[in-house]
Amino acid sequence: CFHLPEDPDVPIICFIGRLAYQKGLDILESVMPWLMAEDHSGVTGKVQIILMGTGEQKYADFLNTARGQYHGRVGVHVGFTPELEHKILAGADILLMPSRYEPCGLPQLYAQRYGT
């Protein structure tokens, strides 16, 4: 679905949520270059990110821009299905949840269940 190469040595970070200011998408946008840096100044030197959500168009545009800018390393689905949410969470290594005020929602609980 996301057309990312499989590499067991590369951690998969996921974000699933409403595309809105309250969910911290502007924070994600500001740290994306750091997350994606391959010169070891970022998280690990190399990661893949899967982003899924629906909401404000400006954040959907950010997701699509990130997919184009980091081709083969960022997977995007603008929209939402519970089945895909669970597949993403079950396959990811890290859940990224920069929400401004929701300390624990369903994605956090699902991620805990899957060991993400």
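The structure this text deals with has already been given above.
Residues numbered from 1 in each chain as written. Predicted model: local features only at pLDDT ≥ 70, side-chain atom pairs only at ≥ 80, totals over all residues. Heavy atoms only, no water.

### Digging into the packing of helix H1 (residues 25–36) against helix H2 (residues 57–69)
Contact geometry for H1 and H2: axes closest at 11 Å, N-to-C directions at 25 degrees. With respect to each other, H1 and H2 are oriented roughly parallel. Here H1 runs over H2; the crossing is left-handed. When H1 is examined against H2, the residues Leu25, Asp26, Leu28, Glu29 and Met32 are found in contact with a partner set consisting of Tyr59, Phe62, Leu63 and Ala66. Its residues assigned to classes, the contact of H1 with H2 comprises 7 nonpolar, no polar and 2 charged. (Axes fitted to C-alpha atoms, helices over the stretch in contact; angles between N-to-C directions. Helix = DSSP H or I, 4+ residues; strand = E, 2+ residues; numbered from the N terminus. Parallel < 35°, antiparallel > 145°, perpendicular 65-115°, else oblique. Left-handed = near helix turned anticlockwise from the far one by under 90°. Contact = heavy atoms within 4.5 Å. Nonpolar A, V, L, I, M, F, W, Y, C, P; charged D, E, K, R; others polar.)

### Describing unusual backbone geometry
Here histidine 3, not a glycine, exhibits a phi torsion of approximately 55 degrees, which is positive. Relative to the assigned elements, histidine 3 resides in the segment before strand S1 (12–16). Assessed through its relative accessible area of 73%, histidine 3 is described here as exposed. (Buried < 20%, exposed > 50% of the residue type's maximum accessible area, 1.4 Å probe, protein only.)

### A word on the environment of glutamate 38
Structurally, glutamate 38 can be placed in the loop between H1 and strand S2 (48–53). Between the C-alpha atom of glutamate 38 and that of valine 74, which follows or precedes it by 36 residues, the distance is 14 Å.

### Thoughts on H2
When the terminal C-alpha atoms of H2 are compared, their 18 Å separation across 13 residues agrees well with the 18 Å that a helix rising 1.5 Å per residue should span. By the burial criterion, the buried members of H2 are Tyr59, Ala60, Phe62, Leu63 and Ala66. For H2, the angular spread of buried residues about the axis comes to 155 degrees, placing them on one side. Within H2, the exposed residues directed more than 90 degrees away from the buried face are Gln57, Lys58, Gly68 and Gln69. If you follow the buried residues of H2, they end up packed against H1, S2 and strand S3 (74–78). (Expected span 1.5 Å × (residues − 1). Arc of directions from axis to C-beta.)

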